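# What the coordinates show
Read off the chains here:
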Amino acid sequence: MERMAEKTIYQIYLRSFYDSNGDGFGDIPGITAKLDYFEKLGVDMLWLNPFYPSPQHDNGYDISDYTGVDPRFGTMTDFEELVHEAKKRSIGIMIDLVLNHTSTDHIWFQKALAGDSKYRDFYYFKKGRGKNCLPPTNWTSKFGGPAWERLPNSDEYYMHLYDVTQADLNWENPEVREALYQVVRFWIDKGVEGFRLDVLNVISKPDTLQDDFIGDGRRFYTDGPHIHEYLKELNTKTFGPEHLLTVGEMSSTSIASSIRYSNPAEKELSMVFHFHHLKVDYKDGEKWRLDQVRFGELKELFHTWQVEMTRGNGWDALFWNNHDQPRALGRFTSDKEEYHYAAATLLASTIHLMRGTPYLYMGEEIGMINPRFSTIESYSDIETINHYKLLQQEGLSEQETMAIIMERSRDNSRIPMQWTSGKNAGFTTGTPLYPVSDSKAWINVEAALKDKSSIFYFYQRLIELRKKHRVIQTGNYTPFLLEEDRIISYLREDETDSLLAVHYYGEEEHEITLPEVFLNGKILISNVGRDQIGKRITLKPYETLAILLTK
Ligand code: GLC
């Protein structure tokens with residue numbers, strides 16, 4: 001399994017990244033046009049969210065043709081050109097495949113509906129229960145409502161763990177698996193060097209389907225009964241022999257399972273995305289209930305995963321942001337202008353100095369923030385719209401509902417990339433798909449590139465440091481300064497180097513004591529211009545500091 005511990009990956013939500021032809025939709029040629037920008041930043045691979053033909057009910061995660069390019073995003077020639085041009089700059093392309101479900105517009109599902117028995121076995125069609133033809137189980141969809149949809153004029157249902165237009169594939173059927181492996185091989189032949197595999201740990205459903213009386217059903221299919229068997233097969237038959245980089249999106253997974261997914265000896269995947277650290281502001285585990293960030297829990301999660309994954313030789317994808325998350329900046333720190341630089345760089349170095357592969361999500365490198373659109377008309381994400389209705393049904397007022405939507409909607413990170421302070425933030429010459437945030441006035445690429453002390457250049461430095469220092473890539477991880485409430489600190493160590501990282505999540509100055517031995521070290525990175533260390537130092541608001549000691 002290829003870990004490529006020196007690499008950093010950049011995620012592009014292409015519909016809102018850069019529009020090359022003025023139709024308001026970001027596109028593939030728009031990415032090719034910005035390759036010099038990525039080269040400057042220093043990233044090694046670009047992860048593209050789905051660009052395949054799709055009715056776009058879930059922004060492309062509802063694929064209707066796995067081996068095509070949706071005309072909205074360009075053509076296959078555009079894609080080939082991107083791969084080729086990126087390669088010239090030593091940048092690989094990672095694509096996002098959704099192997100758990102297809103769009104209900106997919107020809108397989110359409111044939112199944114028309115009664116073709118081969119394709120009926122591609123999905124989970126089950127008879128309803130009892131006189132009233134109730135759904136086969138009481139599970140709920142991750143986007144709200146039941147996980148089963150009844151077919152018109154029939155006593156049958158099909159399973160959809162996500163939207164009703166996303167039908168779950170039956171991985172028990174070897175024909176389904178082979179059809180999907182062919183898809184993966186198709187893209188390998190196109191020169192793709194990495195795969196991000198959507199909601200991969202829910203593909204193995206239990207042999208017997210039963211009601212869940214204590215949850216939404218996820219405990220039956222998360223890291224399901226045959227998951228490791230399927231991943232080993234997928235690996236051997238597709239990307240394994242090619243040594244490609246793979247990352248599985250693993251919702252609600254455990255450390256033990258993640259070690260199995262990502263330990264090279266298991267021959268499954270290179271690494272995993274898990275989300276526990278992004279649930280520390282959920283109330284009682286509920287995304288659509290607001291709570292303060294429980295910082296102690298956040299810290300504990302980082303430390304435990306880092307220590308345990310190292311011990312089991314697993315490998316983490318390190319990230320704060322993606323297209324499903326509101327921006328971390330206003331969530332784990334302040335996103336006010338006065339703290340903007342410090343807070344954004346603090347978040348960056350907290351994870352970039354950990355063991356694993358860092359991912360940055362478009363706009364993170366300039367410190368993009370949530371737009372805080374206050375009316376529902378500004379939102380289009382299917383999950384947001386469903387929950388807007390559900391929250392109102394629960395009796396919340398418009399104001400209460402919108403307070404939650406503003407914090408939690410996935411559209412927070414899906415608004416156009418801010419290239420300039422000008423019209424439509426320089427994203428399109430047409431009418432943008434999403435509203436543009438006013439913050440473009442002070443947060444934009446043009447300004448960031450001009451200012452040598454901007455967030456952009458801090459990321460550039462972190463990316464460079466990882467390439468240069470093996471201790472950042474693969475060193476051991478030991479939690480440090482555990483008694484400090486607002487500090488995430490750790491030691492990274494290998495045979496030649498020790499690195500001490502201190503990340504301070506507070507707004508008041510705060511004094512700490514450094515271990516004596518590090519006084520002989522050199523400051524590797526600081527976001528407050530610190531150039532000297534003493535035994536006692538006073539941390540500034542949102543300060544981050546890393547000291548390297550060569551043994
Ligand atoms: C993943 C994607 C998300 C999508 C869902 C269903 O979580 O990241 O955007 O809605 O899977 O495919």
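All values derive from a computational prediction rather than experimental measurement.

### Focus: the packing of aromatic side chains
The final tally for this structure, using the stated rule, is 41 aromatic pairs. Between Trp47 and Phe273 the ring centres are 5.5 Å apart and the planes differ by 40°, which places this aromatic pair in the tilted class. Residue Trp47 is found in strand β2 (residues 45-48), and its partner Phe273 is found in strand β11 (residues 271-273); the two are separated by 226 residues along the sequence. The exposure classification of Trp47 matches that of Phe273, with both residues buried. On the basis of an interplanar angle of 85° and a centroid distance of 4.9 Å, the ring pair of Phe273 and Phe319 is categorised as edge-to-face. Of this pair, Phe273 sits in strand β11 while Phe319 is found in the loop between β14 (317-318) and α11 (329-332), placing the two residues 46 residues apart along the sequence. With a relative accessible area of 2%, Phe273 lands in the buried category. Site record: aromatic cluster; members linked through ring pairs are Tyr10, Phe17, Tyr18, Tyr37, Phe38, Trp419, Phe456 and Tyr457. When the ring centre of Tyr18 is taken as reference, the NZ or CZ atom of Lys34 above it lies at 4.2 Å. Residue placement shows Arg120 over the ring face of Phe125; its charged tip is 4.9 Å from the ring centre.

### Describing the sheet that holds strand β6 (residues 148-150)
Within the open sheet, the 3 strands sit side by side as β5-β7-β6. Their pairing is antiparallel. Two strands in the sheet have a free side with no partner beyond their single neighbour: β5 (125-127) and β6. On average, each strand axis in the sheet is tilted by 35° relative to the strand beside it, whichever way the strands run. Relative to strand β7 (residues 156-159), β6 runs antiparallel, the two sharing 3 bridges. The residue bridging Glu149 from the neighbouring strand is Tyr158, located in β7.

### Brief notes about the UniProt feature "domain: Glycosyl hydrolase family 13 catalytic" (unreviewed entry) in the protein
Annotation from UniProt places "domain: Glycosyl hydrolase family 13 catalytic" (unreviewed entry) at residues 11-414. Helix makes up 33% of residues 11-414 and strand makes up 13%, while its end C-alpha atoms are separated by 12 Å.

### A word on the nonpolar core
Soluble globular proteins tend to pack their nonpolar side chains together in the buried interior. Ranked by size, the top nonpolar core spans 150 residues in total, and within it Tyr10 and Phe79 carry the most contacts. With near-sequence residues (within four places) excluded, Phe79 lies in contact with Ile28, Leu48, Phe51, Val69, Ile93, Ile95, Trp187, Lys190 and Val192.

### Some points on the domain arrangement of the protein
Domains assigned within the protein are domain 1 (2-101 + 174-460), domain 2 (107-168) and domain 3 (476-550). A separation of 28 Å is found between the C-alpha centroids of domain 1 and domain 2. Taken together, the contacts link 33 residues of domain 1 with 24 residues of domain 2. At the junction of domain 1 and domain 2, the tally comes to 3 salt bridges. Across the salt bridge formed by Lys205 and Asp168, the nearest N and O atoms sit 2.9 Å from each other. Between the two partners, domain 1 and domain 2, sit 12 residue pairs in polar contact (both at pLDDT 80 or more). If one sorts the elements of the side of domain 1 that touches domain 2 by residue count, helix α13 (residues 382-393) sits on top with 5 residues. Class assignment of the residues belonging to the side of domain 1 that touches domain 2 gives a composition of 14 nonpolar, 9 polar and 10 charged.

### Thoughts on the site of the ligand
Asp58, Asp198, Glu249, His323 and Asp324 are the nearest of the 14 residues found near the ligand. Separating an oxygen atom of the ligand from a side-chain N or O atom of His101 is a distance of 3.0 Å. Between the ligand and His323, the relevant distance is 2.8 Å, taken from an oxygen atom to a side-chain nitrogen or oxygen of the residue. Considered on its own, the ligand offers 310 Å² of accessible surface; in the complex 96% of this is hidden by protein. Taken together, the residues that form the shell around the ligand break down as 4 nonpolar, 3 polar and 7 charged.

### A short note on the environment of Glu484
Mapped onto the elements, Glu484 comes out in the loop between β16 (476-480) and β17 (487-493). With relative accessibility at 15%, the residue Glu484 sits in the buried group. Considering only alpha carbons, one finds Glu484 and Lys336, 148 residues apart in sequence, at a separation of 24 Å. Those residues in contact with Glu484 that sit more than four places away from it in its chain are Lys299, His510, Glu511 and Ile512.

### Some remarks on the side chain of Ser54
Along the polypeptide, Ser54 turns up in the loop between β2 and α3 (76-88). Beyond its immediate sequence surroundings of up to four residues, Ser54 is in contact with Gly60, Asp62, Ile63, Ser64, Asp70 and Arg72.

Procedures and definitions
Residues numbered from 1 in each chain as written. Predicted model: local features only at pLDDT ≥ 70, side-chain atom pairs only at ≥ 80, totals over all residues. Heavy atoms only, no water. Phe/Tyr/Trp six-rings, centres within 6.5 Å; stacked < 30°, edge-to-face > 60°. Helix = DSSP H or I, 4+ residues; strand = E, 2+ residues; numbered from the N terminus. Buried < 20%, exposed > 50% of the residue type's maximum accessible area, 1.4 Å probe, protein only. Lys NZ or Arg CZ within 6 Å of the ring centre and 35° of its normal. Pairing = 2+ DSSP bridges. Axes fitted to C-alpha atoms, helices over the stretch in contact; angles between N-to-C directions. UniProt positions renumbered as here; feature names shortened; annotations may be inferred. Core = buried A, V, L, I, M, F, W, Y, C linked by side-chain atoms within 4.5 Å. Contact = heavy atoms within 4.5 Å. Domains from an automatic or database assignment. Salt bridge = Lys/Arg side-chain N within 4 Å of Asp/Glu carboxyl O. Polar contact = N/O pair within 3.5 Å; in protein donor to acceptor, adjacent residues only side chain to side chain. Nonpolar A, V, L, I, M, F, W, Y, C, P; charged D, E, K, R; others polar. Near = heavy atom within 4 Å. Areas by Shrake-Rupley, 256 points an atom, 1.4 Å probe, with all protein chains shown as cover.

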